[in-house]
Amino acid sequence: MLLSMSRQKIVGLTAPSGAGKSSIARRVLDAFPGMHLAVSVTTRAPRPHEEHGKDYFFVSLPEFERLLAEGALLEYEEVYPGCFYGTPQFTSEEVNGPVLLDIDVKGAANVRATIGGFFIFVAPPSEAELERRLRERGTETEQTLLTRLKRAKKELAYADQFDALVVNDSLDEAADEAISLIASYLQHE
């Protein structure tokens, strides 16, 4: 039986690629031990440090299409050409406590509009800093880097459509701010 997501406390972190949402998400999970991370499903190849089932569920395009056809995904999007991401549905047996979504901007907007929750947009201090971070992580070709930067410019325009904005100029400060905002939401919602 799928969980009634409207009764579940949903917290979302969204940002352009490279803004630091996954780093902040790890700190949020440490701060709220009862929070469940919704591990996204993707058709992209894993990066060297990523683990299947922990960072993402890495699947083939036919497997992704099967999950979609079965209604196993809450939302999905082709984030980059040929590269799909989706958020899995949960059963009431799997989730007991708030759910954290580490989710792309369009997916976050869709989930927020459909089932609500509390969504924080994590922004880089500047586009130049975002480019520097993406280059430093060394996971992109020049072409994929340019694609990510082009998408990031579009995504930054959506920052004001979420419940809160956290500028990640300092990871420690940004994580502390996100944790404080989430604590307030969980206590008052």
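Scroll up to find the structure this text is about.
So, how was this worked out
- Residues numbered from 1 in each chain as written.
- Predicted model: local features only at pLDDT ≥ 70, side-chain atom pairs only at ≥ 80, totals over all residues.
- Heavy atoms only, no water.
- Salt bridge = Lys/Arg side-chain N within 4 Å of Asp/Glu carboxyl O.
- Helix = DSSP H or I, 4+ residues; strand = E, 2+ residues; numbered from the N terminus.
- Buried < 20%, exposed > 50% of the residue type's maximum accessible area, 1.4 Å probe, protein only.
- 1 Å grid on protein atoms, 1.4 Å probe; cavity = no way out; pocket = protein on both sides within 12 Å on 5 of 7 lines; lining within 4 Å.
- Points joined across faces, edges and corners; volume = space filled by probe spheres on them.
- Nonpolar A, V, L, I, M, F, W, Y, C, P; charged D, E, K, R; others polar.
- Pairing = 2+ DSSP bridges.
- Axes fitted to C-alpha atoms, helices over the stretch in contact; angles between N-to-C directions.
- Patch = residues over 30% accessible without salt bridge, like charges linked within 9 Å, V, L, I, M, F, W, Y side chains within 5 Å.
- Areas by Shrake-Rupley, 256 points an atom, 1.4 Å probe, with all protein chains shown as cover.
- Lys, Arg positive; Asp, Glu negative; His and termini not counted.
- Charge placed at Lys NZ, Arg CZ, Asp CG, Glu CD.
- Contact = heavy atoms within 4.5 Å.

### Comments concerning the pattern of salt bridges
- Within this structure, the stated rule accounts for 16 salt bridges.
- Across the salt bridge formed by K21 and D102, the nearest N and O atoms sit 3.2 Å from each other. Here K21, found in helix 1 (residues 21-31), pairs with D102, found in strand 7 (residues 99-103); they are 81 residues apart in sequence, far enough to count as distant. With respect to burial, K21 and D102 carry one shared label: buried.

### A short note on the layout of surface pockets
- Estimated volume of the largest pocket: approximately 1,100 Å³.
- Along its surface, the largest pocket is lined by 46 residues, and S22, S23, Y56, D102 and R137 are the ones closest to its centre.
- Elements with a contribution of two residues or more to the lining of the largest pocket: helix 1, strand 2 (36-38), strand 5 (73-80), strand 6 (83-88), strand 7, helix 4 (127-137) and helix 5 (142-156).
- The dominant element in the lining of the largest pocket, judged by the number of residues it contributes, is helix 1, at six residues.
- Residue composition of the lining of the largest pocket, grouped by class: 15 nonpolar, 12 polar and 19 charged.
- Quantified by volume, the second largest pocket comes out at close to 240 Å³.

### A look at the sheet that holds strand 2
- Within the open sheet, the five strands sit side by side as 2-7-1-8-9. Their pairing is parallel. Looking at strand neighbours, the two that pair on one side only are strand 2 and strand 9 (164-167), the edges of this open sheet. Strand-to-strand twist across the sheet, computed as the mean angle between neighbouring axes with direction ignored, equals 25°.
- Sheet analysis places strand 2 next to strand 7, joined by three bridges and oriented parallel. Each bridged residue has a counterpart across the sheet, and for A38 the counterpart in strand 7 is L101.

### Comments concerning a negative patch on the surface
- A surface patch of like charges, here negative, comprises D169, E173, D176 and E177.
- Looking at where E173 falls in the secondary structure, it is placed in helix 6 (residues 171-188).

### Quick word on the sheet that holds strand 3 (residues 41-42)
- Spatially, four strands are ordered 4-3-6-5 in an open sheet, and the strand pairing comes out mixed. Strands with a single pairing partner mark the edges of an open sheet, and in this sheet they are strand 4 (57-58) and strand 5.
- With two bridges joining them, strand 3 and strand 6 adopt antiparallel strand pairing. The residue bridging T42 from the neighbouring strand is Y85, located in strand 6.
- Contacting strand 3, strand 5 and strand 6, helix 2 (residues 61-69) crosses the sheet at an angle of about 145° to strand 5.

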